[in-house]
Amino acid sequence: MKICCIGAGYVGGPTMAMIAAKCPDIRVNVVDINEKRIAAWNSDELPVYEPGLDEIVKAARGINLFFSTDVEEAIRTSEIIFVSVNTPTKTYGLGAGRAADLRYLEAVARVIARVADEPKIIVEKSTIPVKTAETILTILAASGKGLKHQVLSNPEFLAEGTAVEDLKEPDRILIGGERTPGGDAAVEKLVSVYAAWVPRERILTTNLWSSELAKLVANAFLAQRISSINAISGLCEATGADVEEVGRAIGTDSRIGSKFLKSSVGFGGSCFQKDILNLVYLCGHFGLPEVADYWDHVVRINNWQKDRFASRVIRTLFNTVSGKRLGVMGFAFKKDTNDTRESPAISVCKSLLEEQANLAIYDPKVPASQIYADLGVQPDDPRIEICNRVTEVAQGAHALLALTEWDEFCDVDYTTVFAKMQKPAWIFDGRNVLDAPRLRALGFHVYSIGKPFPV
């Protein structure tokens, strides 16, 4: 069997690498029109950082895993075509700020319609609104070739930073298709691919629309939990409660569970905010304004948390950060990834730059070029310094801000860090990963989000 994936990003690349690793009899082609990205997948430095991904890619690459810019050839020769292109939130026109921008997906559907000369199984891997399959099927039918293509929904449920483990041992694989003989056959064909390593009871099959909607709802529920505990973090600080103790107490309730109850400066990544906003738009479109408002508040709480953190820094540093050096520890939206999409660090840093702060930024995986791009500044901007270690960030800093929970931040020599900083030396822990009592013993003033604020 030959399969291809159109889109070599954070989802397409790792997913296809795992299929190639687990299915040596399948030839897997990953194609993208971005030549630079494809060159990186064929190099020693992959464009996506995930623990364990390098080894998997390099073991299969050139054997049954190939990366190319020849999209049309991959479409012609593949039986199954995964579509994993970007579906960002629209920034223009109808639905701006909420609806998904499907122009890239539509463009791919038109290429498939033009190039394919035999029936294909097209698999939606991108996160898309419910009923998107109808759009794809309409475009394919308009080719006039009379080919009976099948469109399946196979959303990804990967967590960046643990994507390789999530692919090796997924909680579930979800596949949705039309409830017709042709649709059922296509679903079983895709089931057979995953069944090479995933137990059959973990492969769930549904109708097409349930599968499309399930992805949005899953991310909305997870984000809702984060916003819920973050909302409580403000109350904890006001009352002297400890958000970690509250989270642990309610997490032992089997009806609630302990996952996604860790307070932080806010959630980020490519999915949560985008998918919730898409859900809000769909609810409004289908005449459910109360439901739309409910989910919209999940995003509003997330934005409030980021603004609250930045405001806390400013107020604590005597109501001004103008001209002060602030050390930023971490820029990725979470540890073990180089992805900065919707990272809380971007919002916090922009707020502090507006207050005329100078920022020294260190992240072990995010390149300087990405940081400049996300902050909308030039590399020669005197307000920004990109550093190579925490001790560099701390030199002359009035405060340190932990914005990503990288493990290495727990192992820093904070005695040396303290000596390099202005006094009083502050640490604002936006992830609750640092040992606050030990840091206070060294002389630091420490703010931990959702915990009693030291006087």
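It should be noted that the structure appears before, not after, this text.
Let me begin by describing the structure that accompanies this report. Since the model is a prediction, treat every value here as computed from it, not as a measurement.

**As for a nonpolar patch on the surface**
- Together, Phe286, Leu288 and Val291 give the surface a local cluster of nonpolar side chains, amounting to about 270 Å² of exposed area.
- Tracing the chain through its elements places leucine 288 in the loop between α11 (272-285) and α12 (289-316).
- Looking at leucine 288, the relative accessible area reads 41%, which means it is partly exposed.

**Structural notes on the environment of proline 119**
- Note on placement: proline 119 falls in the loop between α5 (103-115) and β5 (121-124).
- The partly exposed category is assigned to proline 119, whose relative accessible area is 48%.
- Sequence spacing of proline 119 and isoleucine 80 is 39 residues, and the spatial spacing of their C-alpha atoms is 9.6 Å.
- Those residues within four positions of proline 119 in sequence are excluded, and the remaining contacts are Leu147, Lys148 and His149.

**What to know about the pairing of strand β9 (residues 325-329)**
- Within β9, five of the five residues are buried, leaving the element largely enclosed by the surrounding structure.
- Here β9 shows a buried face lined by Arg325, Gly327 and Met329 and a second buried face lined by Leu326 and Val328.
- The handedness of the β9 to strand β10 (residues 358-362) crossover, carried by helix α13 (residues 344-354), is right-handed.
- Bridging between β9 and strand β12 (residues 399-402) involves four bridges; their strand directions are parallel. Note that in β12 the partner of valine 328 across the bridge is leucine 401.

**Structural notes on the packing of helix α6 (residues 132-141) against helix α9 (residues 208-239)**
- Taken N-terminus to C-terminus, the directions of α6 and α9 make an angle of 125°; their axes are 9 Å apart at the nearest point. Here α9 runs oblique to α6, going by the angle between their axes. Where α6 abuts α9, its residues Thr132, Ala133 and Glu134 lie against Leu208, Trp209 and Glu212.
- The class makeup of the residues in the contact of α6 with α9 is three nonpolar, one polar and two charged.

**Some points on the packing of aromatic side chains**
- Summed over the entire model, instances satisfying the criterion amount to 12 aromatic pairs.
- Measuring from ring centre to ring centre gives 5.7 Å for phenylalanine 221 and tryptophan 295, while their planes differ by 35°; the resulting arrangement is tilted. Here tryptophan 295 lies in helix α12 and phenylalanine 221 lies in helix α9, a separation of 74 residues in the sequence.
- We classify phenylalanine 221 as partly exposed; its relative accessible area is 47%.
- Their ring planes at 50° and their centres at 6.3 Å tell us that phenylalanine 260 and phenylalanine 272 sit as a pair that is tilted.

**A short note on the packing of α9 against α12**
- At a minimum axis distance of 9 Å, the contact between α9 and α12 shows a crossing angle of 45°. Classified by the angle between their axes, α9 and α12 sit oblique to one another. Relative to α12, the crossing made by α9 is left-handed. Contact with α9, carried on its side by Ala220, Phe221, Ala223, Gln224, Ser227, Asn230, Ala231, Ser233, Gly234 and Glu237, involves Tyr294, Trp295, Val298, Ile301, Asn302, Trp304, Gln305, Arg308 and Arg312 of α12 and no other residues of that element.
- Considering only residue class, the contact of α9 with α12 consists of nine nonpolar, seven polar and three charged.

**A word on the side chain of aspartate 296**
- If you trace the backbone, aspartate 296 turns up in helix α12.
- Residue classification places aspartate 296 among the buried positions, given a relative accessible area of 13%.
- The residues contacting aspartate 296, other than those within four sequence positions of it, are Arg98, Leu277 and Val280.

**As for the sheet that holds strand β11 (residues 384-386)**
- Pairing within the open sheet is parallel, and its six strands lie in the order β11-β10-β9-β12-β13-β14. Looking at the sheet topology across the chains shown, the edges are occupied by β11 and β14 (445-448). Taking each pair of neighbouring strands and ignoring which way they run, the sheet shows an average axis angle of 20°.

**Remarks on the pairing of strand β2 (residues 27-31)**
- Burial analysis of β2 places four of its five residues in the buried class, the great majority of the element.
- Each parallel crossover has a hand, and for strand β1 (residues 2-6) linked through helix α1 (residues 12-22) to β2 it is right-handed.

**Looking at the environment of glutamine 378**
- Tracing the backbone through its elements, the reader meets glutamine 378 in the loop between α14 (368-375) and β11.
- Residue glutamine 378 is classed as exposed on the basis of its relative accessible area, which comes to 55%.
- For the pair glutamine 378 and valine 217, spaced 161 residues apart in the sequence, the C-alpha separation amounts to 38 Å.

**Structural notes on helix α3 (residues 53-60)**
- Along α3, the residues classified as buried are Leu53, Ile56, Val57 and Ala60. Seen end-on, α3 carries its buried residues on one side only, within an arc spanning 95°. Seen from the buried face of α3, the exposed residues on the opposite side, beyond 90 degrees, are Glu55 and Ala59.
- Buried residues along α3 sit against α1, α2 (35-41), β3 (65-68) and α7 (163-168).
- Once α3 ends, the next one or two residues include glycine 62, with phi positive near 85°.

**With respect to the nonpolar core**
- Among the nonpolar cores identified, the biggest contains 56 residues, and Phe309, Leu326, Leu359, Leu375, Leu401 and Tyr414 are the most heavily contacted of them.
- Ignoring sequence-local partners within four residues, the contact set of phenylalanine 309 consists of Val265, Val348, Leu401, Leu403, Phe428, Asp429, Gly430, Tyr447 and Ile449.
- With 40 residues, the next largest nonpolar core counts Val30, Ile80, Phe82 and Ile121 among its residues.

**A word on the side chain of arginine 308**
- Within the secondary structure, arginine 308 sits in helix α12.
- In this structure the side chain of arginine 308 is engaged in a polar contact, spanning 3.2 Å, whose partner is the side chain of glutamine 305.
- Look past the residues within four positions of arginine 308 in its chain and what remains in contact with it is Ser233, Gly234, Glu237, Tyr447 and Ile449.

**Observations regarding the pattern of salt bridges**
- Summed over all chains, the structure comprises 27 salt bridges.
- Where glutamate 237 meets arginine 308, a salt bridge forms, and the shortest distance between an N and an O atom there is 2.8 Å. Of this pair, glutamate 237 sits in helix α9 while arginine 308 sits in helix α12, placing them 71 residues apart in sequence.
- Look at arginine 308 and you get buried, because its relative accessible area is 16%.
- Aspartate 253 is paired through a salt bridge with arginine 255; the nearest N and O atoms lie 2.7 Å apart.
- Given the relative accessible area of 74%, arginine 255 is considered exposed.
- In the salt-bridge network here, residues are joined through shared partners; they are Glu72, Glu73, Arg76 and Arg114.

Conventions and cut-offs
- Residues numbered from 1 in each chain as written.
- Predicted model: local features only at pLDDT ≥ 70, side-chain atom pairs only at ≥ 80, totals over all residues.
- Heavy atoms only, no water.
- Patch = residues over 30% accessible without salt bridge, like charges linked within 9 Å, V, L, I, M, F, W, Y side chains within 5 Å.
- Areas by Shrake-Rupley, 256 points an atom, 1.4 Å probe, with all protein chains shown as cover.
- Salt bridge = Lys/Arg side-chain N within 4 Å of Asp/Glu carboxyl O.
- Helix = DSSP H or I, 4+ residues; strand = E, 2+ residues; numbered from the N terminus.
- Buried < 20%, exposed > 50% of the residue type's maximum accessible area, 1.4 Å probe, protein only.
- Contact = heavy atoms within 4.5 Å.
- Right-handed = clockwise from strand over helix to strand, strands pointing away.
- Pairing = 2+ DSSP bridges.
- Axes fitted to C-alpha atoms, helices over the stretch in contact; angles between N-to-C directions.
- Parallel < 35°, antiparallel > 145°, perpendicular 65-115°, else oblique.
- Nonpolar A, V, L, I, M, F, W, Y, C, P; charged D, E, K, R; others polar.
- Phe/Tyr/Trp six-rings, centres within 6.5 Å; stacked < 30°, edge-to-face > 60°.
- Left-handed = near helix turned anticlockwise from the far one by under 90°.
- Arc of directions from axis to C-beta.
- Core = buried A, V, L, I, M, F, W, Y, C linked by side-chain atoms within 4.5 Å.
- Polar contact = N/O pair within 3.5 Å; in protein donor to acceptor, adjacent residues only side chain to side chain.

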